[in-house]
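Structural characterization, general
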Amino acid sequence: MQSVVHHWRQLHSLGPANNDHLSAWRVAISVAVPSLVLLLLGRPDLTIYAVFGALTGMYGRSEPHQLRLKHQLQAALVLLSGVTVGVVLSVNHLHSWWLVGIEAFLAGVGSLYSDKVRLRPNGPFFGILALGACASVPVAVPWYVALLIAFGSAAFSLLVGFVGWVRGRAWKAGAARPSASLRGALRRRAAIHAYRHVLAVGAAGTIGVLTGSGHPHWAMAAAAVPLAGADLPSSVHRGIHRIMGTLLGLVVVAVVLLPGPWAPLHFFPGAEAAVLALLVIVFQFTTELFMTRHYGLAMVSFTPVILLMTQLAAPADPQVLIVERAVETVVGAGVGILVVVLIRSRFLRRLNRRPAPAAGAPGRP
């Protein structure tokens, strides 16, 4: 009983603050500038590419400028690879099983890479989210324009994250973020982690395709969320946070998109796209405020970010969009939790109980 109460409190506890507003402002500015440029150019429908490039700013939030730059360059590789593959799939009309197979495979590759370079937030989640989202919307401009927007947005995000360096201008030659040499036990652990990603993402996508969902990539992304947990309880907590946060976020989406006297779009006739683009910026700011303190609260804001920019890129029936998002999230997070529970080798449990190896030791992280 005491254990149940402990886990219940952990599920609802708010983590300590760590200058979250600074990171939130960096990410918000990174999202806002390219999004507003697209809005002024009359192309808010392309915001999706700008946002995924700008999510580079989510990484390295507490690191010194030099290490943050390196961390964000590593993260940009994951995000921009996802955007690029997604655009290629969209241009060539490769959906359904193509999307499931390619995204599951790259989830495994991204997991290995994330473990190798120690991305924080860890795991390939944002990369495969970018892949699925970009693959699911038609490319309304030449493919290279979509990629230029994403790459340019990522570059601007790097600039925003590094601009504070000019005050101190401290640069240590050879300074590097700790990385893991995936050998021996660590290699087996990384392989199990990657296998989990392939299995969970592939299974969630398969369920989505077989049930005729219009957005199986949402289930695939949700399936990767529990896998970022350090142990079974934290994995389950993340899965529950994902489900509950998404469902609450969908209430916000319903208020924004569904017709009614309360809807903000009702007060700005003819400027609906501009309102949606501005709301994406605001919700991305509040997402980052809670991303490390309470994942569920962060999802309340991040859910509108994803759905509103999807609606900008490919307008659809809001009711269908909301229902499919809810179902796919529950299915995906459930599959992810199930995979974590089933694939728990004695080796992995024993490894999780060991103290962290010293940084810099040969063959160690």
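All figures in this text were calculated on a predicted structure; none of them were measured in a lab.

On to the confidence of the model for the chain, then. Scored by pLDDT, the chain comes out at a mean of 87, with 88% of its residues at no less than 70. In this model, residues 356–365 is a region of pLDDT below 50 whose contacts with residues beyond four sequence positions or in other chains number 17 contacts.

Moving on, we come to the environment of Ala224. As for its placement among the helices and strands, Ala224 is situated in helix H10 (residues 216–224). What Ala224 contacts, discounting residues up to four positions off in sequence, is Ile128, His197 and Val201.

What follows deals with the packing of aromatic side chains. Throughout the structure, instances matching the rule amount to 6 aromatic pairs. Considering the side-chain rings of Phe125 and Phe126, the 4.9 Å spacing of their centres and the 75° angle between planes classify their relative orientation as edge-to-face. Comparing Phe125 with Phe126 shows no difference in burial state: the two are buried. Members of the aromatic cluster, each reached through a chain of ring pairs, are Tyr59, Phe125, Phe126 and Phe302. The side chain of Arg238 reaches across the aromatic face of Tyr295, ending 4.3 Å from its centre. The side chain of Arg325 reaches across the aromatic face of Trp218, ending 5.2 Å from its centre.

Grouped together as the largest cluster of nonpolar side chains are 68 residues, with contacts concentrated most on Tyr49, Phe52, Val83, Phe126 and Phe302. In contact with Phe302, other than residues within four places in its own chain, are Leu55, Phe125, Phe126, Leu129, Gln284 and Thr287. Leu89, Val100, Ala104 and Ala107 belong to the second largest nonpolar core, which has 12 residues in total.

What counts and how
- Along each chain, residue indices are assigned from 1 in the same order as the chain's sequence is written.
- Thresholds applied to this predicted model are a pLDDT of at least 70 for local features of residues and 80 or more for the giving and counting of side-chain atom pairs; totals over whole chains, interfaces and linings are not thresholded and use all residues.
- Note that the side-chain values use all heavy atoms of the structure and ignore hydrogens as well as water.
- Here pLDDT means the predictor's own confidence in every residue, given as a number from 0 to 100.
- Residue contacts are defined here by distance: any two heavy atoms, one from each residue, within 4.5 Å place the two residues in contact.
- Labels follow the DSSP assignment, with helices taken as runs of H or I lasting at least four residues and strands as runs of E lasting at least two, numbered in each case from the N terminus.
- Two rings belonging to Phe, Tyr or Trp (six-membered ring only in the last case) form a pair when the distance between their centres is within 6.5 Å. Interplanar angles under 30 degrees mark stacking, angles over 60 mark edge-to-face geometry, and anything in between is tilted.
- Only protein chains enter the accessibility calculation, which uses a 1.4 Å probe; a residue is then buried when its area is under 20% of its type maximum, exposed when over 50%, and partly exposed in between.
- Our definition puts a charge over a ring when NZ of Lys or CZ of Arg is within 6 Å of the ring centre and also within 35 degrees of the ring normal.
- We call a set of buried Ala, Val, Leu, Ile, Met, Phe, Trp, Tyr and Cys residues a nonpolar core when their side-chain atoms join them within 4.5 Å.

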